[in-house]
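# Reading the structure
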Amino acid sequence: VPRLLKRMGPQVLREKELEITLVVRGPVDTRIITERTAVLETKVERIRTRTLDDDTREVTLSCIVDRSVQPVELYHALAEVEGVVSVDVVSL
């Protein structure tokens, strides 16, 4: 029964929440970051931006993804963005 609910049940049972923390150096537009997550059908619920030292910022995204999306896929998609220094993906 649990497998059936995951496949055919409500959308909530087929989703999981991720928190992604990026450290960005330079003028990286947050729209580029959200476009990269949209490719993997990720819904961004909240964005939090914090300025660190010099020219770096910390961007934290709270996202909802389908259970079939692996966190590693998001990690690689965001690590390729020019200006991203580090990526941290946590499954909640």
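Values in this document were obtained by computation on a predicted structure and should not be read as measured data. (Residues numbered from 1 in each chain as written. Predicted model: local features only at pLDDT ≥ 70, side-chain atom pairs only at ≥ 80, totals over all residues. Heavy atoms only, no water.)

### Examining the overall build of the protein
Applicable threshold: To qualify as a helix, a DSSP run of H or I must reach at least 4 residues; to qualify as a strand, a run of E must reach at least 2; elements of each kind are numbered from the N terminus. Under the convention used here, a 1.4 Å probe and the Shrake-Rupley method define accessible areas, while residue burial counts only the protein chains that appear.
A count of helices and strands for the protein gives three helices and four strands. Tracing the protein from N to C terminus, the helices and strands come up as α-β-α-β-β-α-β. Split by element, the accessible area of the protein, about 6,200 Å² in all, is 51% carbon and sulfur.

### Overview of the nonpolar core
Inside soluble globular proteins, nonpolar side chains tend to come together where they are buried. Short version of the rule: What we call a nonpolar core is a set of buried Ala, Val, Leu, Ile, Met, Phe, Trp, Tyr and Cys residues that are connected through their side-chain atoms within 4.5 Å. Throughout this description, buried means an accessible area under 20% of the type-specific maximum (1.4 Å probe, protein chains only), exposed means over 50%, and partly exposed covers the range between. Contact definition: two residues touch when any of their heavy atoms are within 4.5 Å.
Formed by 18 residues in total, the largest nonpolar core has its most connected members in Ile20, Leu22, Val24 and Ile33. Setting aside residues up to four positions removed in sequence, Ile33 forms contacts with Leu22, Val24, Val28, Leu61 and Leu78.

### Some points on unusual backbone geometry
Positive phi, normally seen in glycine, also occurs at Glu41, with a value near 55 degrees. Its place among the elements puts Glu41 in the loop between helix H2 (30-39) and strand E2 (43-51). One non-glycine residue, Asp54, lies in positive phi territory at about 50 degrees. As for its position among the elements, Asp54 is in the loop between E2 and strand E3 (56-66).

### Quick look at the side chain of Thr21
Within the secondary structure layout, Thr21 lies in strand E1 (residues 15-25). The exposure class of Thr21 is buried, given its relative accessible area of 16%.

### A few points about the side chain of Thr56
The criterion, for reference: As used in this structure description, the phrase polar contact means that two N or O atoms lie within 3.5 Å; if the pair is within protein, one of them must be able to donate a hydrogen and the other to accept it, and residues adjacent in sequence are counted only when both atoms belong to side chains.
Note that Thr56 resides in strand E3. On the accessibility criterion, Thr56 (9% relative accessible area) is buried. From its side chain, Thr56 meets the backbone oxygen of Asp53 in a polar contact 2.8 Å long. Not counting chain neighbours up to four residues away, the residues in contact with Thr56 comprise Val24, Arg25 and Thr51.

### With respect to the sheet that holds E1
Put simply, the rule is: A pair of strands counts as paired when DSSP detects no fewer than two bridges linking them. Every axis corresponds to a line fitted to the C-alpha atoms, with the helix fit spanning only the stretch in contact, and the corresponding angles, defined between N-to-C directions, vary from 0 to 180 degrees.
One open sheet holds the four strands; their spatial order is E2-E3-E1-E4, and the pairing between them is antiparallel. One side of each edge strand has no neighbouring strand; the edge strands of this open sheet are E2 and strand E4 (84-91). For this sheet the average axis-to-axis angle between neighbouring strands, irrespective of direction, equals 15 degrees.

### With respect to helix H3 (residues 71-79)
How we decide: What the arc describes is the spread of directions from the helix axis to the C-beta atoms.
Of all the residues in H3, the buried ones are Leu74, Ala77 and Leu78. The buried residues of H3 all sit within an arc of 90 degrees when viewed along its axis, so they share a single face. Next to the buried residues of H3 lie E1, H2, E3 and E4.

### Description of the environment of Arg57
When you line up the elements, Arg57 lands in strand E3. With 28 residues separating them in the primary sequence, Arg57 and Val85 have C-alpha atoms 9.8 Å apart. With near-sequence residues (within four places) excluded, Arg57 lies in contact with Leu22, Val23, Val24, Gly26, Val28, Thr30, Thr49, Arg50, Thr51 and Leu52. At a separation of 2.5 Å, a polar atom in the side chain of Arg57 contacts the main-chain carbonyl oxygen of Val28.

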